[in-house]
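Notes for the structure review
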Amino acid sequence: EEEIVLKPFPVNKVIMSTVELSTGITKSNDENNIFYKNTLEVIPNPSNLFGNNLSKLYYYLELYNLNNAELGDKYSIVTVIANKDGTEIKSESKKYDLKSNSKVEYGSLDINNLPSNTYQLLIKLLDSGDNELIRAYKYFYVFSSDTSTANQNLTELENQYLLSEYP
């Protein structure tokens, strides 16, 4: 069970959906597919667990109410992988021209070299002056069965969970 809080949808302010983590995103025309979104098939990863055979982290989100008054004529989307304490590990930035009032943003990040641990995927929307307007984040977990690279900072409880049948 999970408690969900519904917030009103603002109509005059730039907003960002939550980030969906995925095991794969491909172009699709199959509108009857339960994972179909905006010409894409987005295969969800509700456990947010990656590693071993899942060495790419795919993400999907939507932006609404994009406007010239808040953004200017260009904007950037910055994707960051950080430790659970917020220390940045890697980041990439994409620049866009403002062409419409909404945008689907998706991509993938190689997480093959990350040791077993908890991480944060942070996505920021920057205006034309590189000022941050809004951000969304999602925690994810990397588990590698290669014990030579396993991070010893995991708690005993985290280790028990990752080695159990539930992940």
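For the structure, see preceding data.
Description of the structure in this document. These numbers come from a predicted model, not from an experiment.

Moving on, we come to the pairing of strand 8 (residues 88-97). As paired strands, strand 7 (residues 74-83) and strand 8 are joined by nine bridges and run antiparallel to one another. The residue bridging Ala82 from the neighbouring strand is Glu88, located in strand 8. Between the antiparallel neighbours strand 7 and strand 8 lie four residues, among them Gly86 with a positive phi of about 100°.

As a further point, take the environment of Thr26. Of note, Thr26 is situated in strand 2 (residues 20-27). Counting along the chain gives 13 residues from Thr26 to Thr39, while the straight-line C-alpha distance between them is 8.7 Å. Residue contacts for Thr26: discarding those within four places in its chain leaves Thr39, Leu40 and Glu41.

One open sheet accounts for five strands, arranged 5-11-10-7-8; its pairing is mixed. In this open sheet, the two edge strands, each paired with only one partner strand, are strand 5 (49-50) and strand 8.

Once their charged atoms are close, side chains differing in charge can pair, the charge on each being opposite to the other. Taken as a whole and assessed by the stated rule, the structure comprises six salt bridges. Salt-bridge contacts for Lys37 lead to Glu20; the nearest nitrogen and oxygen are separated by 2.3 Å. Residue Lys37 is located in strand 3 (residues 36-37), and its partner Glu20 is located in strand 2; the two are separated by 17 residues in the primary sequence. Look at Glu20 and you get buried, because its relative accessible area is 18%. Across the pair Glu132 and Arg135 runs a salt bridge whose closest N-O atoms are separated by 2.6 Å. Each of the salt bridges in this network shares a partner with another, and the network as a whole consists of Lys94, Lys103 and Glu105.

Of the volumes computed, that of the largest pocket is approximately 610 Å³. Looking at the largest pocket, it is lined by 18 residues, and the ones nearest its centre are Lys7, Met16, Ser17, Thr18 and Ala136. Mapped by element, the contributors of at least two residues to the lining of the largest pocket are strand 1 (15-16) and strand 11 (132-142). Counting residues per element, the lining of the largest pocket draws most heavily on strand 11, at five residues. Grouping the constituent residues of the lining of the largest pocket by class yields 13 nonpolar, two polar and three charged.

In this structure, Leu57, Leu121, Leu125 and Phe140 are the most contacted members of the largest nonpolar core, which totals 24 residues. Listing elements by their share of this core, those giving two or more residues are strand 6 (56-64), strand 7, strand 10 (117-126) and strand 11. Contact partners of Leu125, with chain neighbours within four places excluded, come to Val14, Met16, Leu63, Leu66, Leu71, Tyr75, Ser76, Ile77, Asn131, Glu132, Leu133 and Ile134. One finds Val78, Val80, Ala82 and Leu122 within the second-largest nonpolar core, a separate group that totals five residues.

Glancing now at the pairing of strand 11. Here is the key point about a regular strand: its side chains alternate between the two faces of the sheet. Pairing analysis gives two bridges linking strand 5 to strand 11, with the strands arranged parallel. Residue pairing across strands places Phe50 opposite Val142, the latter belonging to strand 11. Bridging between strand 10 and strand 11 involves 10 bridges; their strand directions are antiparallel. Pairing of Thr118 across the sheet is with Tyr141, part of strand 11. Hairpin connection between strand 10 and strand 11: a loop of five residues separates the two successive antiparallel strands, and Asp130 in this loop has a positive phi of roughly 60°.

Reading the values: rules and limits
- Residues numbered from 1 in each chain as written.
- Predicted model: local features only at pLDDT ≥ 70, side-chain atom pairs only at ≥ 80, totals over all residues.
- Heavy atoms only, no water.
- Pairing = 2+ DSSP bridges.
- Helix = DSSP H or I, 4+ residues; strand = E, 2+ residues; numbered from the N terminus.
- Contact = heavy atoms within 4.5 Å.
- Salt bridge = Lys/Arg side-chain N within 4 Å of Asp/Glu carboxyl O.
- Buried < 20%, exposed > 50% of the residue type's maximum accessible area, 1.4 Å probe, protein only.
- 1 Å grid on protein atoms, 1.4 Å probe; cavity = no way out; pocket = protein on both sides within 12 Å on 5 of 7 lines; lining within 4 Å.
- Points joined across faces, edges and corners; volume = space filled by probe spheres on them.
- Nonpolar A, V, L, I, M, F, W, Y, C, P; charged D, E, K, R; others polar.
- Core = buried A, V, L, I, M, F, W, Y, C linked by side-chain atoms within 4.5 Å.

So yeah, pure geometry; function would need other evidence.
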